[in-house]
Amino acid sequence: MGDEERFSTAALTPGRLGWLLVTFRAELLERWTQRVLEDPAVPDANRLSKPTLEDHVPALVERLVKRLVRHPVEPWGERVGREVGASGIGVAHAHQRIALDYSLPEALRELSLFRVTVLALCEEHQVTLHGEEAELLHATIDEMMTASASELERISRHMYEQLLRSAEAERERLKMMFQEAPAAICLLRGQDFTIELANLRILDVWGKTDSILGQPLMEAMPELKGQGFDDLLRGVLKRGVTYQSKEQLARLDRNRDGLLEDVYFDFVYVPLRATDGTIESVFVHAYEVTEKVIARRRAEGLREDAVREVRTREDLLAVVSHDLRNPLSTVLMGAKQIERWADESESGVRTKKAAGTIVKAVDRMNRLVSDLLDLAQLEAGQPLPIEVERHDVVELARQAADQFEPLVSSRKLTLRTNLTTPTYVLCDGDRVQQALSNLIGNAIKFTREAGVISVEARRTDGEILLSVSDTGAGIPGDLVPNLFKPYWRADAQRKDGAGLGLSIVKAIVETHGGRIWVDTVPGKGSTFYFTLPAADAMPATKDER
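Residues numbered from 1 in each chain as written. Predicted model: local features only at pLDDT ≥ 70, side-chain atom pairs only at ≥ 80, totals over all residues. Heavy atoms only, no water.

Asks: I'd like a rundown of the overall build of the protein, residues and numbers included.
Replies: Counting its regular elements, the protein contains 17 helices and 12 strands. With 545 residues in all, the protein has 40% of them scored as buried. For the protein, restricting intrachain contacts to residue pairs at least 6 apart in sequence, the fraction spanning at least 24 positions comes to 65%. Surface accessibility of the protein: about 30800 Å² in total, with carbon and sulfur atoms responsible for 53%. (Helix = DSSP H or I, 4+ residues; strand = E, 2+ residues; numbered from the N terminus. Buried < 20%, exposed > 50% of the residue type's maximum accessible area, 1.4 Å probe, protein only. Contact = heavy atoms within 4.5 Å. Areas by Shrake-Rupley, 256 points an atom, 1.4 Å probe, with all protein chains shown as cover.)

Have a look at this one:
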């Protein structure tokens, strides 16, 4: 027999509560749902669907009906127990409602409305509840409400404790971040700018300890008086506008010895408002940039020194190029005339020799002047001027080597050339001869008596490779990186030369799009290599030139 059959009118006489709950179950739940949706005390209910609202109250109805079936209520019978197992339903109700962000009053309001709906339905159908029926109904609803309230309170307390723990952990994390931040940070409160918070970095910058916390800024740091910082802070409090400054000078007693030290900061003053909108404190965020300022000023000073040095050098070069070359030309012409005029007598031979020495000295001076002018142009960021034509590099190398024959002979050296097959390049012939002459001159300078110097040229993949080798002392490996720097000499004790030759050679080669390098073995000699772009194999005609 089903519950509905058992709860026929006859079966439930004189108790009719079970009959009412079974017969009008759907209507009861519909009316309860409508009450919940319309009740202003349950504001979030209107966003819920009916199935969500009917999830626990229907279970409460079923539990109550089953209790009535097992133990029919009679007005003269033994008092029945009030417990019908509604506590579990109340706990489930609490969990779901708190997941939907219900408050305790809102969740209990639903159950209270169920009680109102049942009583209204009884009155409408003229069902008078006997004492035990009424007591069972109210006890069941109260049991569920009590369990739900208790669980909601437990969950809320647990969530509150979790929030407290999370807030405390977050506060500790923020405190740690605040203290360990690379920036200097502090919080100044009130009109006297009391130091409420200050991290380790700003205390270190100030040269203070945390004993200054709670003190007004100007009392904790009297050296700041008159430096304008109090005016800036008052302006931020008054206007409520963030203030920023770059490389602001502050004079601080960082060593606590009364001696003020210049310190520079990039900083921001940020006004902070209270809940009523008034500005009650200033947040300070600063970076010390003292080293950057000093380094920049030092660099500016060095740059000014460099500008003055360049200007002085340019003035000197102007003197060298104009005021020195003219008398050198006069001296050279005179020396050559003396050479021509000298007779074959003993005194004439001595005179011709002396004149020849003068010619050589003037040639060296002219080469030095040319090197200085070339270097000045390079240091000014300008490329060396070249006039590119088609040349036989073998002929250029041979001419460069031939001019050193007298010097080679006088120093008892051997100059070998491996220059046979014509090899054509696109280059400035005078500049290439200048580069080869500098390399050959260096080789002669650093090669001992009876040594050998070799000049070679050969074609490689799309390039012409030229080399100048010697059997001199070689160059220590740690000196090689400096070889092509201006004014640098491998043997600083030697006074013959200004250290410009190799730097000029490098500039000439690179201006032509070539490369230069050196292979050297201390005690055995050195070989300098450089490349030039190859032209076609056939010589150009006169018209092409």
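Asks: Lay out helix α11 (residues 229–239) with the relevant residues and their values.
Replies: Those residues of α11 lying buried are Phe229, Asp230, Leu233, Gly235, Val236 and Leu237. Elements that come into contact with the buried residues of α11 comprise β1 (184–189), α10 (217–220), β3 (243–252), β4 (261–273) and β5 (279–288). Gly240 sits one or two positions beyond α11 and adopts a positive phi of about 70°.

Asks: Just give me the short version of empty space enclosed by the protein, but keep the residues and values in it.
Replies: Within this structure, the stated rule accounts for 1 cavity of 30 Å³ or more. Along its surface, the largest cavity is lined by 17 residues, and Trp206, Phe229, Phe265, Tyr269 and Val284 are the ones closest to its centre. Elements with a contribution of two residues or more to the lining of the largest cavity: β1, α9 (200–206), α11, β3, β4 and β5. Considering only residue class, the lining of the largest cavity consists of 17 nonpolar, no polar and no charged. (1 Å grid on protein atoms, 1.4 Å probe; cavity = no way out; pocket = protein on both sides within 12 Å on 5 of 7 lines; lining within 4 Å. Points joined across faces, edges and corners; volume = space filled by probe spheres on them. Nonpolar A, V, L, I, M, F, W, Y, C, P; charged D, E, K, R; others polar.)

Asks: Run through the confidence of the model for the protein, naming residues and quoting values.
Replies: For the protein, per-residue confidence averages 81 on the pLDDT scale, and 85% of positions sit at 70 or higher. Note that pLDDT drops below 50 for residues 73–82; the model gives that stretch 17 contacts with residues more than four away or on any other chain. Taken as a whole, residues 537–545 scores under 50 in pLDDT and shows 9 contacts with residues more than four places along the chain or in a different chain. (pLDDT = per-residue confidence, 0-100.)

Asks: Help me get a handle on the pattern of salt bridges, residues and values and all.
Replies: Considering all chains together, one arrives at 27 salt bridges under this definition. Of the charged contacts in the structure, one is a salt bridge between Arg234 and Asp231, with a shortest N-O distance of 2.6 Å. Separated by 3 residues within a single helix, Arg234 and Asp231 lie in helix α11, roughly one turn from each other. For Asp231, a relative accessible area of 49% gives the class partly exposed. The partner of Lys506 in a salt bridge is Glu510, with the nearest N and O atoms 2.8 Å apart. Here Glu510 and Lys506 lie together in helix α17 (residues 501–511), a separation of 4 residues that amounts to about one turn. When salt bridges that share partners are traced, they join Arg201, Asp204, Arg254, Glu261 and Glu288 into one network. (Salt bridge = Lys/Arg side-chain N within 4 Å of Asp/Glu carboxyl O.)

Asks: An account of unusual backbone geometry is requested, with residue identities and associated values reported.
Replies: Backbone geometry places Phe193, a non-glycine residue, at a positive phi of 55°. Looking at the secondary structure, you find Phe193 in the loop between β1 and β2 (194–198). On the accessibility criterion, Phe193 (5% relative accessible area) is buried. Backbone geometry at Glu247 places phi at a positive 50°, although glycine is not the residue there. Assignment of secondary structure puts Glu247 in strand β3.

Asks: Report on helix α16 (residues 429–445), specifying residues and quantitative values.
Replies: Between its terminal C-alpha atoms α16 stretches 24 Å, which fits the 24 Å expected from 17 residues at 1.5 Å a residue. Burial of α16 is extensive: 14 of the 17 residues sit out of reach of the surface. (Expected span 1.5 Å × (residues − 1).)

Asks: So, the sheet that holds β1: which residues are in play, and what are the values?
Replies: Strand order in the open sheet formed by 5 strands is β2-β1-β5-β4-β3, with antiparallel pairing between adjacent strands. Each edge of the open sheet carries a strand with a single partner, namely β2 and β3. When the angles between neighbouring strand axes are averaged without regard to direction, this sheet yields 35°. Two elements, β3 and β4, share 8 bridges in a ladder whose sense is antiparallel. Each bridged residue has a counterpart across the sheet, and for Leu249 the counterpart in β4 is Tyr264. In the packing of α11 onto the sheet, the strands contacted are β1, β3, β4 and β5, and the crossing angle to β4 comes to about 15°. (Pairing = 2+ DSSP bridges. Axes fitted to C-alpha atoms, helices over the stretch in contact; angles between N-to-C directions.)

Asks: How would you summarise the packing of aromatic side chains if you had to cite specific residues and measurements?
Replies: When we look at a pair of aromatic rings, we describe it by the centre distance and by the angle of the planes. Throughout the structure, instances matching the rule amount to 7 aromatic pairs. Taking the centre distance of 5.7 Å and the plane angle of 90° together, the rings of Trp19 and Phe24 count as edge-to-face. Accessibility classification places Trp19 together with Phe24 in one group, the buried group. Ring centres of Phe484 and Phe528 lie 6.3 Å apart, and the angle between their planes is 85°; on these two criteria the pair is classed as edge-to-face. In this pair, Phe484 sits in the loop between β10 (463–470) and α17 while Phe528 sits in strand β12 (residues 525–533), placing the two residues 44 residues apart along the sequence. Judged by relative accessible area, which is 18%, Phe484 ranks as buried. Put simply, the rings of Phe229, Tyr243, Phe267 and Tyr269 pair up and form one aromatic cluster. The ring of Tyr102 carries the charged tip of Arg97 above its face, separated from the ring centre by 5.6 Å. The lysine or arginine in question, Arg390, covers the ring of Tyr424, its NZ or CZ lying 4.7 Å from the ring centre. (Phe/Tyr/Trp six-rings, centres within 6.5 Å; stacked < 30°, edge-to-face > 60°. Lys NZ or Arg CZ within 6 Å of the ring centre and 35° of its normal.)

Asks: Any details on the nonpolar core? Residues and values, ideally.
Replies: Leu436, Ile440, Leu466, Val468, Phe528 and Phe530 are the most contacted members of the largest nonpolar core, which totals 43 residues. Among the elements of the structure, α14 (393–402), β8 (424–427), α16, β9 (452–460), β10, α17, β11 (516–521) and β12 are those that each provide at least two residues to this core. Looking at which element gives the most residues to this core, the answer is α16, with 7 residues. Setting aside chain neighbours within four positions, we find Phe528 in contact with Leu439, Leu466, Ser467, Val468, Ile475, Leu483, Phe484, Leu502, Trp517 and Val518. Counting residues in each nonpolar core, the second largest holds 41 residues, with Trp32, Leu68, Cys122 and Ile141 among its members. (Core = buried A, V, L, I, M, F, W, Y, C linked by side-chain atoms within 4.5 Å.)

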